[in-house]
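A structural walkthrough
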Amino acid sequence: MSSGKVPTETAPPTGSLPLVPAKTPAGRFSVNLRQSGIYIAFALIIVLFSVLTDGELLSPQNISNIVVQNSYILILAIGMILIIIAGHIDLSVGSVVGLTGAIAAVLMVDMDVAWPLAILVTLVAGALIGAWQGYWIAYFGIPAFIVTLAGMLIFRALTLTVLGNQGIGPFPDQVRTLANGFVPGYFGNIGLGPLGGADLLTLLVGLVAVGGLAVTQWRARQARLGYRQKVDALPLFLLKIGAAAAVVMVVIVQLARFKNLPWVLVLLAILVLGYTLMTNRAVFGRHIYAIGGNLNAASLSGIKVKSVTFWIFVNMGVLAALAGIIFAGRLNQAGPTAGGNFELDAIAAAFIGGAAVQGGVGRVVGALTGGLIMAVINNGMSLIGAPSERVLLFKGLVLLAAVALDVWTKRRAGGGG
């Protein structure tokens, strides 16, 4: 999937919000559709289903359900975006989710291994699976599409071998709490007037998150100005920060009104922060973008392409194992069909979130947003009682539109009409 063409977009310098040139030479505002279109589309989809469900979509319990029920897809999307940025694809992650969930179940339930050790062993198993595939792709030279297609079949067969035609459960309470539980309300509740009571700890976490977001984006803007790069006009910059802060606080308030922060949301926040810093600040992250943007140039510049490729597949294996543990813990058993079509949802989340088909472009936060778009579509269509075929149709059209937008904006940037 790698291309010899120099990419038109590279990794962002820092932060999670898109920082795009906001002024034309005449001083007017303009919007970069490739970078901002995903967030506009997400807002429109939320508004649409909020109207169709009479506000039920944004109810406290439903927002919590969206996060908990789709956490494993969001975890997979984080790993998938790195692979797609590097110009590859991974079709095996759904089968790896099923296999690692089965491994965790055998260790915890059948062999009575302590749950922390069982989780560690399962993550190592995921890393070994990723290393197996990464070797054939990076060092043997087989295309990732073929290797992971074979992996999808192999690991599904191993799952059936381990489990047979039956599930294994139940899981320890700690694992179920990680998948379905909520952070305890250490500070009690606080009154919010007509909204009722809300957990104080959750609200404080939201305020800290908003403050950190504002400081990070302001520092990124100042750094760009220091290097004489284009930045958003100050009013547009403040509008974006205000909009992002409002969205975060709405979600936080609704979660605080229900059962506080889900543990999987805390886990996702840690993953997003860590991987965003890695892709924006670390040398390894820059190398991923360079390989996907121009493979030949990356090789000539001294980047160890094979090593980077190998390790992104190891990383994908670890994240797939984590998703397998979360999914099995949520269902309270490991089943032989677990992980079915998860790879398609993860790939769709990455492309809807702004990844380029040719590689070299993408953001961790964008992949997370793409995953949330898929989650909101699934949830919203379920709330209005839409049949399954209509859900598939809607998701397919959204994916096609996202890729078409990427191709169209790239052609405009290249002067191809």
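Relevant structure appears above.
Residues numbered from 1 in each chain as written. Predicted model: local features only at pLDDT ≥ 70, side-chain atom pairs only at ≥ 80, totals over all residues. Heavy atoms only, no water.

Overview of the packing of helix H3 (residues 71-85) against helix H14 (residues 342-352)
Where H3 contacts H14, the axes come no closer than 8 Å and their chain directions differ by 60°. As summarised for this structure, H3 and H14 are arranged oblique, according to the angle between their axes. In terms of crossing hand, the pair formed by H3 and H14 is right-handed. On H14, the residues that touch Tyr72, Ile73, Leu76, Ala77, Met80, Ile81 and Ile84 of H3 are Phe342, Asp345, Ala346, Ile347, Ala349, Ala350 and Phe351. A class-by-class count of the residues in the contact of H3 with H14 yields 13 nonpolar, no polar and one charged. (Axes fitted to C-alpha atoms, helices over the stretch in contact; angles between N-to-C directions. Helix = DSSP H or I, 4+ residues; strand = E, 2+ residues; numbered from the N terminus. Parallel < 35°, antiparallel > 145°, perpendicular 65-115°, else oblique. Left-handed = near helix turned anticlockwise from the far one by under 90°. Contact = heavy atoms within 4.5 Å. Nonpolar A, V, L, I, M, F, W, Y, C, P; charged D, E, K, R; others polar.)

Some remarks on the pattern of salt bridges
Overall, the coordinates contain two salt bridges when judged by the stated rule. Residue Arg176 is joined to Asp173 by a salt bridge in which the shortest nitrogen-to-oxygen separation is 2.1 Å. Of this pair, Arg176 and Asp173 are both found in helix H7 (residues 173-180), three residues apart, which corresponds to roughly one turn of the helix. Taking relative accessible area as the criterion, Arg176 reaches 29% and is therefore assigned partly exposed. The residue Asp345 makes a salt bridge to Lys395 at a minimum N-O spacing of 3.7 Å. With Asp345 in helix H14 and Lys395 in helix H16 (residues 388-413), this residue pair connects regions lying 50 residues apart in the sequence. (Salt bridge = Lys/Arg side-chain N within 4 Å of Asp/Glu carboxyl O. Buried < 20%, exposed > 50% of the residue type's maximum accessible area, 1.4 Å probe, protein only.)

Focus on helix H15 (residues 364-383)
In this model, H15 (20 residues) spans 28 Å end to end at C-alpha, consistent with the 28 Å of a helix rising 1.5 Å per residue. Extensive coverage of H15 is indicated by the burial of 16 of its 20 residues. Just past H15, the residue Gly385 takes up positive phi, approximately 75°. (Expected span 1.5 Å × (residues − 1).)

Considerations on the packing of H3 against helix H13 (residues 305-331)
The description of two packed helices rests on the angle between their axes and on the distance between the axes. With their axes 8 Å apart at the nearest point, H3 and H13 run at an angle of 175° to one another. Judged on the interaxial angle alone, H13 and H3 are roughly antiparallel. Within the contact between the two elements, H3 uses Ser71, Tyr72, Ile75, Leu76, Ile78, Gly79, Met80, Leu82 and Ile83 and H13 uses Ile312, Phe313, Asn315, Met316, Leu319, Ala320, Leu322, Ala323, Ile326, Phe327 and Arg330.

A look at helix H9 (residues 234-258)
Helix length check: H9, at 25 residues, gives a terminal C-alpha distance of 36 Å against a target of 36 Å (1.5 Å per residue), a fit within 8%. Looking only at H9, the buried set comprises Leu236, Phe237, Lys240, Ile241, Ala244, Ala245, Ile252, Val253, Gln254, Leu255 and Ala256. In the segment just after H9, Asn260 is the residue with positive phi, at about 75°.

Description of the packing of aromatic side chains
Scanning the entire structure with this criterion turns up 12 aromatic pairs. Measuring from centroid to centroid gives 4.7 Å for Tyr72 and Phe327, while their planes differ by 75°, and the two rings are edge-to-face. Placement of the pair is Tyr72 in helix H3 and Phe327 in helix H13, with a sequence separation of 255 residues. Given a relative accessible area of 12%, Phe327 falls into the buried group. Aromatic ring contacts, followed pair by pair, group Trp132, Tyr135, Trp136, Tyr139, Phe140, Phe310 and Trp311 into a single cluster. Across the ring face of Phe237, the terminal group of Arg221 is positioned such that the distance to the ring centre comes to 5.4 Å. (Phe/Tyr/Trp six-rings, centres within 6.5 Å; stacked < 30°, edge-to-face > 60°. Lys NZ or Arg CZ within 6 Å of the ring centre and 35° of its normal.)

Brief notes about the nonpolar core
Ranked by size, the top nonpolar core spans 63 residues in total, and within it Ile75, Leu76, Ile78, Ile81, Leu271 and Tyr275 carry the most contacts. In terms of residue count, the dominant contributor to this core is H3 (13 residues). Setting aside anything within four residues of it in sequence, one finds Leu271 in contact with Ile75, Ile78, Leu319 and Leu322. (Core = buried A, V, L, I, M, F, W, Y, C linked by side-chain atoms within 4.5 Å.)

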